[in-house]
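These are the residues of each chain, in order.
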Amino acid sequence: STAPPALVVEGLTATYGPVTALREVSIPTEPGRVTAVLGANGAGKTTLLRTISGLVRPQAGQVRLGERDLTGAAPETVAGAGVAHVPEGRGVITELTVEENLRLGSLLGRRRASGRGGPARGWSLDDVLELFPAIAERRRRPADTLSGGERQMLVIGRALLTEPDVLLLDEPSLGLAPRVVTQIFAVLRDLTEQHALTVVLVEQNARSALEVADTGVVLALGRVVAVSEAAELAADQALRHAYLGF
Ligand code: ATP
């Protein structure tokens, strides 16, 4: 199969009316690697993901995936190109069973949409259930019976079933017990490497995020104030104290 396409996020500026949420933000990404985007409340992390996925149209800058220019494209176009966005708050459909929620991913996915067979990944429902045994046991139950951690597994699994090359995750650790965060991040680490996914992980939990990430970007007031290898950022005490809260 062909090499996965490279995601390019360069010079993004985005505004909400008079509020400038992003100022010329570029982030490094690479297939098989996790890029953590860190920073305080209001730093612009969510806006960055929303701008990549087409929910916010940038004033300047570029989003490209392989040969395709996705700058300012509609969300369904970006999704169809292989970018899966898992927003904060999870989006589990509580009236459906776990399995029905997962099947929505396949329905909305690229294989179905394009009829072309999608990219190299080829995720099946069984693959996802194997990845997350906790939700496999509950596949016939209504999704509202799941814990917070299991819901997070469900939405990541659903995103994988859309056959993405790029996974955008907004605060997957929010509200979860530390043990569950460790578990989900370990799975994320493995599947990023094994499937050459390009992952952009937005987190307020900087300590855990830097443990799973290869590269870290720190945003403050919509600007990039630091970008480096994750281990290097984690070792920088002044930066940690000023921006990362640990
Ligand atoms: P959080 O972790 O709280 O979501 P964040 O780093 O994701 O923070 P954003 O949500 O991207 O930050 O917000 C960046 C800036 O844009 C903030 O000043 C915020 O108040 C503002 N903002 C976000 N969404 C909107 C909106 N829909 N309308 C107006 N301003 C907004």
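Residues numbered from 1 in each chain as written. Predicted model: local features only at pLDDT ≥ 70, side-chain atom pairs only at ≥ 80, totals over all residues. Heavy atoms only, no water.

Participant: An account of the nonpolar core is requested, with residue identities and associated values reported.
Facilitator: Ranked by size, the top nonpolar core spans 47 residues in total, and within it Leu102, Leu154, Leu160, Leu167, Leu169, Val199 and Leu201 carry the most contacts. When residues of this core are assigned to their parent elements, the largest contribution, seven residues, is made by helix 8 (residues 178-194). Those residues in contact with Leu154 that sit more than four places away from it in its chain are Val92, Val98, Asn101, Leu102, Ile135, Ala143 and Leu146. Formed by 26 residues, the second largest nonpolar core is a distinct cluster that contains Leu7, Leu22, Leu49 and Ala81. (Core = buried A, V, L, I, M, F, W, Y, C linked by side-chain atoms within 4.5 Å. Buried < 20%, exposed > 50% of the residue type's maximum accessible area, 1.4 Å probe, protein only. Helix = DSSP H or I, 4+ residues; strand = E, 2+ residues; numbered from the N terminus. Contact = heavy atoms within 4.5 Å.)

Participant: Please set out the pairing of strand 10 (residues 223-229) residue by residue, giving values where relevant.
Facilitator: As defined by bridge partners, strand 9 (residues 215-220) adjoins strand 10 across six bridges and the pair is classed as antiparallel. Residue pairing in the sheet places Ala220 in a bridge with Arg223 of strand 10. (Pairing = 2+ DSSP bridges.)

Participant: Describe the sheet that holds strand 4 (residues 60-65), naming the residues involved and giving the relevant values.
Facilitator: The four strands lie next to each other as 2-1-4-5, forming an open sheet whose pairing is antiparallel. The open sheet is flanked by strand 2 (19-27) and strand 5 (68-69), the only strands paired with a single partner. Relative to strand 1 (residues 7-16), helix 1 (residues 45-52) is tilted by about 115°, and along the sheet it contacts strand 1, strand 2 and strand 4. (Axes fitted to C-alpha atoms, helices over the stretch in contact; angles between N-to-C directions.)

Participant: Got a sec to walk through the environment of Leu174? Specific residues and values, please.
Facilitator: Mapped onto the elements, Leu174 comes out in the loop between strand 7 (166-170) and helix 8. For Leu174, a relative accessible area of 43% puts it in the partly exposed group. Through-space distance from the C-alpha of Leu174 to that of Ile184 is 12 Å; in sequence the pair is ten residues apart. Apart from residues no more than four positions distant in its own chain, Leu174 is found in contact with Glu88 and Arg90.

Participant: Can you explain the site of the ligand? Please cite residues and give values.
Facilitator: Taken together, Tyr16, Ala21, Ala40, Asn41, Gly42, Ala43, Gly44, Lys45, Thr46, Thr47, Glu171 and Gln204 form the complete shell of residues around the ligand. Here an oxygen atom of the ligand and a backbone polar atom of Gly42 are 2.7 Å apart. A per-element tally of the shell around the ligand places helix 1 first, with three residues. Across the shell around the ligand, the residue classes break down as four nonpolar, six polar and two charged. (Near = heavy atom within 4 Å. Polar contact = N/O pair within 3.5 Å; in protein donor to acceptor, adjacent residues only side chain to side chain. Nonpolar A, V, L, I, M, F, W, Y, C, P; charged D, E, K, R; others polar.)

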